[in-house]
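# Residue-level structural notes
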There are 2 protein chains.
Amino acid sequence: MPEAYEQSLSSQTLHELTASLNRGMFVHVRNALHNMPACDVAFILESSPVKSRMAFWQLVDSEFHGEILEELSDDVRNSILRQMMPEAVAEATEGMDTDDLADVLRSLPEQLYQDVLNSLDAQDRHRAEAALAYEEDTAGSVMNTDTVTIRPDVTVEVVLRYLRRRGEVPENTDSLYVVDKDDCLIGDVSLAGLITSQPETVIEQLMNTDLVPIPATMPETEAAQMFERHNWISAPVVNEQNHLLGRITIDDMVDIIREDAEHSMMSMAGLDDEEDTFAPVVESTQKRSIWLGVNLLTALLAATVSNFFEDVLSQLAVLAILNTIVPSMGGVAGNQTLTLVIRALALGHISESNTRSLLIKELTIGLLNGLIWAVLIAGIVGIWKQDFTLAWIIAFAMLMNMIAAGISGVTIPLILKKFKIDPALAGSVILTTVTDIVGIFAFLGTASWLLM
Amino acid sequence: MPEAYEQSLSSQTLHELTASLNRGMFVHVRNALHNMPACDVAFILESSPVKSRMAFWQLVDSEFHGEILEELSDDVRNSILRQMMPEAVAEATEGMDTDDLADVLRSLPEQLYQDVLNSLDAQDRHRAEAALAYEEDTAGSVMNTDTVTIRPDVTVEVVLRYLRRRGEVPENTDSLYVVDKDDCLIGDVSLAGLITSQPETVIEQLMNTDLVPIPATMPETEAAQMFERHNWISAPVVNEQNHLLGRITIDDMVDIIREDAEHSMMSMAGLDDEEDTFAPVVESTQKRSIWLGVNLLTALLAATVSNFFEDVLSQLAVLAILNTIVPSMGGVAGNQTLTLVIRALALGHISESNTRSLLIKELTIGLLNGLIWAVLIAGIVGIWKQDFTLAWIIAFAMLMNMIAAGISGVTIPLILKKFKIDPALAGSVILTTVTDIVGIFAFLGTASWLLM
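Residues numbered from 1 in each chain as written. Chains lettered and ligands numbered in written order. Predicted model: local features only at pLDDT ≥ 70, side-chain atom pairs only at ≥ 80, totals over all residues. Heavy atoms only, no water.

## Examining the overall build of chain A
- From N to C terminus, chain A includes 24 helices and six strands.
- Against the 2.2 N^0.38 benchmark of 22 Å for 452 residues, chain A shows a C-alpha radius of gyration of 29 Å, more extended than a compact globule.
- Evaluated residue by residue, chain A yields a buried proportion of 57% over its 452 residues.
- Sequence separation of at least 24 residues holds for 66% of the intrachain contacts in chain A that already meet a minimum separation of 6. (Helix = DSSP H or I, 4+ residues; strand = E, 2+ residues; numbered from the N terminus. Rg over C-alpha atoms; globule rule 2.2 N^0.38 Å. Buried < 20%, exposed > 50% of the residue type's maximum accessible area, 1.4 Å probe, protein only. Contact = heavy atoms within 4.5 Å.)

## A word on the UniProt feature "transmembrane region" (unreviewed entry) in chain A
All names here are of chain A.
- UniProt's feature table lists "transmembrane region" (unreviewed entry) at residues 363-384, 390-416 and 428-451, given in the numbering used throughout.
- Along residues 363-384 the backbone is 100% helical and 0% strand, and the end-to-end C-alpha distance reaches 30 Å.
- Counting secondary structure, residues 428-451 comes out at 100% helix and 0% strand; the distance between its end C-alpha atoms is 33 Å. (UniProt positions renumbered as here; feature names shortened; annotations may be inferred.)

## Re the domain arrangement of chain A
- Domain boundaries assigned for chain A yield domain 1 (10-137), domain 2 (149-249) and domain 3 (281-451).
- Placing a centre on the C-alpha atoms of domain 1 of chain A and another on those of domain 3 of chain A gives a separation of 46 Å. (Domains from an automatic or database assignment.)

## Remarks on the relation of the copies chain A and chain B
- With an RMSD of 0.1 Å, the operation that places chain A on chain B is a rotation of 180° combined with a shift of 0.0 Å along the axis. Taken together, the turn and the small shift mark the pair as related by a two-fold rotation axis.
- The overlap is high: 99% of the interface residues of chain A also sit at the interface in chain B, so the same surface is used on both sides. (Least-squares fit on C-alpha atoms with pLDDT ≥ 70 in both.)

## Some points on the sheet that holds strand β1 (residues 149-150) of chain B
All names here are of chain B.
- If you walk across this open sheet you meet the three strands as β1-β2-β3, and the pairing is mixed. Each edge of the sheet is formed by a strand with only one pairing partner; in this case those strands are β1 and β3 (185-190).
- Pairing of strand β2 (residues 175-179) with β3 involves five bridges; the strand directions are antiparallel. Opposite tyrosine 177, over in β3, you have aspartate 188 as the bridge partner. (Pairing = 2+ DSSP bridges.)

## Notes on a negative patch on the surface
All names here are of chain B.
- A cluster of acidic residues, Asp61, Glu63, Glu67, Glu71, Asp255 and Glu259, forms a negative patch at the surface.
- Going through the elements one at a time, α6 (65-71) and α17 (250-268) are the ones with two or more residues in the negative patch.
- Take glutamate 259: it is sitting in helix α17. (Patch = residues over 30% accessible without salt bridge, like charges linked within 9 Å, V, L, I, M, F, W, Y side chains within 5 Å. Areas by Shrake-Rupley, 256 points an atom, 1.4 Å probe, with all protein chains shown as cover. Salt bridge = Lys/Arg side-chain N within 4 Å of Asp/Glu carboxyl O. Lys, Arg positive; Asp, Glu negative; His and termini not counted. Charge placed at Lys NZ, Arg CZ, Asp CG, Glu CD.)

## Brief notes about the interface of chain A and chain B
- Every contact between the two is made by 130 residues of chain A and, on the other side, 129 residues of chain B.
- Counting across the interface, chain A meets chain B through eight salt bridges.
- The partner of Asp40(A) in a salt bridge is Arg229(B), with the nearest N and O atoms 3.2 Å apart.
- At the boundary of chain A with chain B, the tally comes to 27 residue pairs in polar contact (both at pLDDT 80 or more).
- No other element matches the 18 residues that helix α22 (residues 352-385) of chain A contributes to the side of chain A that touches chain B.
- Here the side of chain A that touches chain B is composed, by residue class, of 66 nonpolar, 42 polar and 22 charged. (Polar contact = N/O pair within 3.5 Å; in protein donor to acceptor, adjacent residues only side chain to side chain. Nonpolar A, V, L, I, M, F, W, Y, C, P; charged D, E, K, R; others polar.)

## Things to note about the nonpolar core
- Among the nonpolar cores identified, the biggest contains 84 residues, and Leu319(A), Ile325(A), Met398(A), Leu319(B), Ile325(B) and Met398(B) are the most heavily contacted of them.
- Apart from residues no more than four positions distant in its own chain, Ile325(A) is found in contact with Ile377(A), Met398(A), Leu296(B), Ala299(B), Leu300(B) and Ala303(B).
- With 42 residues, the next largest nonpolar core counts Ala139(A), Met143(A), Met218(A) and Met226(A) among its residues. (Core = buried A, V, L, I, M, F, W, Y, C linked by side-chain atoms within 4.5 Å.)

## Section: the UniProt feature "domain: CBS" (unreviewed entry) in chain A
- Per the UniProt annotation, the sites labelled "domain: CBS" (unreviewed entry) are residues 143-205 and 207-265 of chain A.
- As annotated, residues 207-265 of chain A comprises 46% helix and 22% strand, and the C-alpha atoms at either end are separated by 42 Å.

Right under this line is the structure:
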């Protein structure tokens, strides 16, 4: 058993397989991939540049294609699907979980989508269409329809006999759902409860009726937060009439929890939806250029502000030299507040009742930061440039900008959220614009007033 | 049942409770908190400023203190523990899961720690000391010792009888562990397998021997990655001799997965470990000041570089005005690459075998970006300032800096990782220093060479 530790995939394996691939040892690679669980093959594909990724993919036994596609992140899966024939895609999706099947279909180009849908057998097509009926990113679109339901008036013994005859239950089943004659959800019974109860107990007495079902239209992010908060393994999904539609399991939610948490980080760098580390160059350049374009505009805006002060800049080169310090410090302080607020918004920690406390807190931190760094920069500039008026000017600008940073760090994401704009995506660039402009105005403005 | 949707905690509830607290309606608040699940009370506490947080805490029935502490994030928990008497802490920890108990003890100041440990009853003290024996952030420190073990030579019927006599199994039990006479782990049986098998089946035939146990010394982050990759609900923890020590459940791993993903974002803004949105002002200011201090140094470094070019700056104010554009664009482009690489490192996607491909990819993107934005900025500056030499100079500087950004975005985090420094924490500031200096040198250097 202890050698099982080594079974967990290391970067060693990745390195070795890539080397074998490059040396043309295809049979060796094929065998190695064949003996690996699907999740490990998915990991290898995600860690490989586009060229070796496709080579690995072609060496994988096509009967495992479906399982592996289920494990891949969206971007990487799409990069592979784009290279496959419709028949191959249809074949790969056979027996796939409903939610993954719908996901694959959604990511196909229109033409391929129809071709694949037509090549599916009737049952799979039916399941896919049912799942596609729910909007993307809702609970309905990530649910599975493979629930085990029972009636409230039977005994534990009857249920156990039924399950033994069935022979197996769907993966990650921790509860059976109790429904009435109209298929309305009235409770659930955990496998643990079932297994520890006396055979003659009636389900009605055993079932938990306190359960909180997830409406199919709930955004998947909210559903994931409920899983996280309540420590659920699975939860039932219902429609507005409380009819049981399916269930969501924690393994799908874990992916959403990670993606949500990563989303903020990626968005703040202007990398929205770039999940594939090895995406093609042109695609990445395109995606990133939006952000760089916006940044160019704000940089030009800051340059325009400096342009107002051309006179004082042309007389005192020292101002040009020191002009970047205050905006830079304001940007960092503001981004700290912004990041904190974006995280708190994502976790639902901010509401009307605490916005004022938060603003006061961050404003006070801004004021404290301002005082600390104003004194420090005044000392440094005073000693470096032997000019004490200049030292006071930069200290004043620092204080002003730190206060502006604290206020903007709280208010910008909240305002963006009100207008339904993702604060993680737009917050950082707007904030930096504010701290740049306030910083330059405060520094060059005061300087041209006092020194000219 | 449909009204159950409303049971899920909304910011409405938070708003209402805070209003009631401020109006002094303590009995109402106490009752509302009493009827809420522990996870919702934890959410209220995390979403409240320090003052109302302590007021809410005092209104919570002390018998629920333990459950709620288990649900809180570390920072918020510590802020509450610091205000509690040792006896109250000891009482709250009664019946707590082993991993949470150890976590609470670890976060106490030395003196309080001894006091609390002494006030625990013998059994709890024993469990706590066992958990404390494992280093923080290892699998051993997050495991629970409440496993249900069975022998391989018994039948399903015997196991079912045993479980019925037991009456219940620990929360989130999806598998029973099969151990031999020496308590060595030899396999597991899922509840689903148990429930769907014939009573006369022997466990040995039913059990899964392919399981991958987690060594107690494995870092918790790695364990969480294994859970995520293999879609586990729970996993056994063993020592080096393969003795079963306990088990880890997905609910604890979900917290770690979120924390890990958030950690990168928070670190990149210099907010390492500031989990509490409403942390006290002085504490936050202190924590954030390290980052601001480092940034001041790099801003001064950039100013020193500009200082080399005092001559050309004093003759041409237009250089001072445009001087911030190239460093700013380089910083954004570099941070995009950096963020991508930091995420890929966290997911384990980068190894020796693909570093070269990644570097070539990001270098090519840098080159493409450089060309695009060089042409654009040349056009803008040419039209704005009617100076075509200047336009060429800034275009050249832009190209150089974008290439530098691509290279640094890949190499800086990889080098930091080699030296075991967290790339998310130090990467951004080092990268910005590089793009600032390259940007200023390329722009002012070329300008002073061509224009003087």
